[in-house]
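Coordinates in review
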Amino acid sequence: MGQQQGAAPTRTVRLGTRLREVRELKKFSISYVAGKAQISTAYLQKLEVDLVRQPSPRVLHSLSGVLEIDYAELMRLAGYVVPNEASARRRRNELMHAASSEKLTEDEAEALAEYLNWYRSRKRAAK
């Protein structure tokens, strides 16, 4: 029983652990990171020991910039649902299917998305 031979041990990384590890790796003080992220030092300390249940996306975005950590990774570690490329593609296909009874190809889906972006920008410019 136990782990398979040669399998890497699984490790659940927590948000606070990840923040602290990267901050220490970069040799940033807690006050430096907090200041750059525009949060209090006390709040960052609470984040690093996982005393904050679910920090706001704004805070996570600030920290991702300061620490150069992928924003989606921090969102996932904080418990937020982060769409991946497959779900974005599926959403696009659902829109396309709603517009047509025939399934759209990936090229058609891309063209439709580009047109919609152009159309919306034109409408905004007209306001």
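My aim in this report is to walk through the structure given alongside it, one point at a time. (Residues numbered from 1 in each chain as written. Predicted model: local features only at pLDDT ≥ 70, side-chain atom pairs only at ≥ 80, totals over all residues. Heavy atoms only, no water.)

**A word on the packing of helix H2 (residues 30-37) against helix H3 (residues 41-48)**
- Close contact between H2 and H3 brings their axes to 9 Å; oriented N to C, the two are set at 110°. Judged by the angle between their axes, H2 and H3 are roughly perpendicular. Touching Ile-30, Ser-31, Val-33 and Ala-34 of H2 are Thr-41, Leu-44, Gln-45 and Glu-48, all from H3.
- Partitioning the contact of H2 with H3 into residue classes produces four nonpolar, three polar and one charged. (Axes fitted to C-alpha atoms, helices over the stretch in contact; angles between N-to-C directions. Helix = DSSP H or I, 4+ residues; strand = E, 2+ residues; numbered from the N terminus. Parallel < 35°, antiparallel > 145°, perpendicular 65-115°, else oblique. Contact = heavy atoms within 4.5 Å. Nonpolar A, V, L, I, M, F, W, Y, C, P; charged D, E, K, R; others polar.)

**Considering the nonpolar core**
- Membership of the largest hydrophobic core comes to 20 residues, with the highest contact counts inside it found for Leu-19, Ile-39, Leu-44, Leu-47, Leu-63 and Leu-74.
- Mapped by element, the contributors of at least two residues to this core are helix H1 (15-25), H2, H3, helix H4 (57-67) and helix H5 (71-77).
- Considering every element that reaches this core, the biggest residue donor is H4, with five residues. (Core = buried A, V, L, I, M, F, W, Y, C linked by side-chain atoms within 4.5 Å. Buried < 20%, exposed > 50% of the residue type's maximum accessible area, 1.4 Å probe, protein only.)

**Overview of unusual backbone geometry**
- Positive phi outside glycine occurs at Gln-38, with the angle close to 60°.
- By the element assignment, Gln-38 lies in the loop between H2 and H3.
- Positive phi, normally seen in glycine, also occurs at Glu-68, with a value near 55°.
- Relative to the elements of secondary structure, Glu-68 occurs in the loop between H4 and H5.
- Overall, the relative accessible area of 64% leaves Glu-68 in the exposed class.

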